[in-house]
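Each chain, written out:
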Amino acid sequence: MALPRTVDWQGDAATGRLVIIEQTLLPTELKLIELTELDPVIDAIQRLAVRGAPALGAAGGYGAVIALRSGLGDAGLERLAAARPTAVNLRWAVERVRRVAEGDPERALEEARAIDAEDVRTCRAIGEHGASLIKDGMGVLTHCNAGALATAGMGTALAPMYVAKERGTKFHVFADETRPLLQGARLTSFELAENGVDVTVISDSMSAVVMRDGKVSLVITGADRVAANGDAANKIGTYGVATLAKAHGIPFYIAAPRSTFDGTLASGDQIPIEERNERELRFVGDTRTAPDKTKVFNPAFDVTPAALIAGWITEDGILKASDIAGWLASSP
Ligand code: MRU
């Protein structure tokens, strides 16, 4: 089944709409929703109807069109950029549209469409570079969702898997379910299966065992923000996966476009980490799993130190830590 686009714009700047897949309903229901006002766009971002760093960039670009045509100016753009703090793509895209558009919604739409189209090309390039890492017979583990549902294109971490499949490589994917909001189980396994990729869902606590048992020879995840030294923020649990991969001698790669790198931050310590509502840990769906009396700690992301990362799969190739500074300087 060909899935609809995760993020799209229909119509002109004055009357058009942002159309997104309502990801909170997946995998039970595949539904598109249309957004024409700024507050519903911000709400969709905050409740993860649209999520994943590059998809947040694309939605942020189109959201900026809505903010400008609604006369909400810089204050509206700032509210949009701040809707989620960790994925740098959101603020990057809103700022890019603001700078170029100078208040003109038509110009804003052109720039938002450019961000969207660039992401499609970038994902494909990440896929082409990363597919060389996937060999016949391999088990590849991923965490959270960094696929088509997280981008405007074919994904970041999942793009090498899609391209490897196109090339006829035979491999198997393990998708961590990704507590607490289950992006791995609900979204990664859904889109991989829809696209004919062989995938097994495991709970987060099982990744050590599949690694120990020799079922995994490569780990690829996405990122929400990568600092200048290569430290990478991604969905909570990624740091644990990277630590386990190191312990088992399995290479761990980050797949991310230039728009996810934040060269203004020297290290991952400076990356802002979103803390989300405690209800996400007290309930699974509508079923209570922890009492109200207990404290809850719910950071949505963690930072994997560069020392645990074998390489950064980008649109320009697979970088080593020592390549990052020069690459950032050559593509500001
Ligand atoms: O909270 P989410 O679902 O937005 O978190 C998403 C992730 O952590 C992804 O792995 C990351 O954004 C990379 S998306 C290509």
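As a convention, each chain's residues are numbered from 1 in the sequence order in which they are written. Per-residue local features of the predicted model are confined to residues with pLDDT of at least 70, and side-chain atom pairs are confined, for both listing and counting, to 80 or more; whole-chain, interface and lining totals are unaffected and use all residues. Computation of side-chain values: all heavy atoms of the structure, hydrogens and water removed.

Trainee: What is the right way to look at the pairing of strand S7 (residues 218–221) in this model?
Mentor: Looking down a regular strand, the side chains alternate between one sheet face and the other. Burial classes follow relative accessibility: with a 1.4 Å probe on protein chains only, a residue under 20% of its type's maximum area counts as buried, one over 50% as exposed, and anything between as partly exposed. Only DSSP runs of H or I reaching four residues or more are called helices, and only runs of E reaching two or more are called strands; each is numbered from the N terminus. The side-chain alternation of S7 yields two buried faces, one formed by Leu218 and Ile220 and the other by Val219 and Thr221. Two elements, strand S4 (residues 139–142) and S7, share two bridges in a ladder whose sense is parallel. Residue Leu141 lies in a different strand from S7, and its bridge partner there is Val219. Here three bridges tie S7 to strand S10 (residues 252–255), and the two strands are oriented parallel to one another. The pairing criterion for strands is at least two bridges between them, as found by DSSP.

Trainee: Would you mind going over the pairing of strand S5 (residues 172–176) with me for this structure?
Mentor: Of all five residues in S5, four are buried; the element is thus mostly enclosed. Two strands pair when backbone bridges link them, and S4 and S5 are joined in this way by four bridges, in the parallel orientation. By the bridge assignment, Thr142 is partnered in S5 with Ala175. Handedness of the S4-helix H6 (residues 159–166)-S5 crossover: right-handed. Strand direction decides the pairing type here: S5 and strand S6 (residues 199–202), joined by four bridges, are parallel. Looking at the pairing, Phe174 lines up with Thr200 of S6. By convention, a crossover is right-handed whenever its connection, traced from the first strand over the helix to the second and viewed with the strands pointing away, goes clockwise.

Trainee: Please explain empty space enclosed by the protein as it appears in this structure.
Mentor: Only protein atoms enter the 1 Å grid used here, on which a cavity is any set of points holding a 1.4 Å probe that cannot leave and a pocket is any open set flanked by protein within 12 Å on both sides along at least five of seven lines; residues with an atom within 4 Å of a point are listed as lining. Grid points are joined across faces, edges and corners, and a volume is the space filled by probe spheres set on the points. Under the counting rule described, the total for this entry stands at two cavities of 30 Å³ or more. For the largest cavity, the calculated volume is near 170 Å³. When residues of the lining of the largest cavity are traced back to their parent elements, those giving at least two are helix H2 (53–69) and strand S9 (232–235). Its residues assigned to classes, the lining of the largest cavity comprises 11 nonpolar, seven polar and four charged. Residue polarity is assigned by list, with Asp, Glu, Lys and Arg as charged and Ala, Val, Leu, Ile, Met, Phe, Trp, Tyr, Cys and Pro as nonpolar; anything else, Gly included, falls into the polar class.

Trainee: Whenever I open this one, the nonpolar core confuses me. Can you help?
Mentor: Among soluble globular proteins, nonpolar side chains are generally buried collectively. To define a nonpolar core, start from buried Ala, Val, Leu, Ile, Met, Phe, Trp, Tyr and Cys residues and group those joined through side-chain atoms within 4.5 Å. Counting 40 residues, the largest nonpolar core has Val7, Leu18, Ile20, Ile45 and Leu80 as its most contacted members. Contributions of two or more residues to this core are made by strand S1 (7–10), strand S2 (17–21), strand S3 (32–35), helix H1 (38–46), H2, helix H3 (73–81), helix H4 (88–101) and helix H5 (105–130). Among the elements that line this core, the one with the most residues is H2, at 11 residues. Working rule for contacts: check all heavy atoms of both residues, and any pair within 4.5 Å makes them a contact. Look past the residues within four positions of Ile20 in its chain and what remains in contact with it is Thr6, Val7, Lys31, Leu32, Ile33, Leu35, Ala44, Ala49 and Val50. Core analysis: the second largest hydrophobic core is formed by 26 residues, Leu141, Ile202, Val219 and Val226 among them.

Trainee: Before we go on, may I ask you to explain the site of the ligand in this structure?
Mentor: The ligand sits among 18 residues. The nearest are Arg51, Arg84, Asp224, Asn234 and Lys235. For the purposes of these results, a polar contact is taken to be a pair of N or O atoms within 3.5 Å, where, inside protein, one atom must be able to donate a hydrogen and its partner to accept one; residues adjacent in sequence count only when each atom of the pair is a side-chain atom. With respect to the ligand, the side chain of Arg51 contributes an N or O atom lying 2.8 Å from an oxygen atom. Areas reported here follow the Shrake-Rupley algorithm with a probe of radius 1.4 Å; residue values treat only the protein chains shown as occluding. Burial of the ligand by the surrounding chains reaches 100%, relative to a free accessible area of 410 Å². Judged by the fraction of its atoms near the pocket grid, the ligand is located in the largest cavity. Broken down by secondary-structure element, the contributors of at least two residues to the shell around the ligand are H2 and S9. Tallied by class, the residues present in the shell around the ligand amount to seven nonpolar, seven polar and four charged. When we say a residue is near a molecule or strand, we mean one of its heavy atoms is within 4 Å of it. Whether a molecule sits in a cavity or pocket is decided by its atoms, more than half of which must lie within 2 Å of the grid points.

Any functional reading would require information that these geometric values do not contain.
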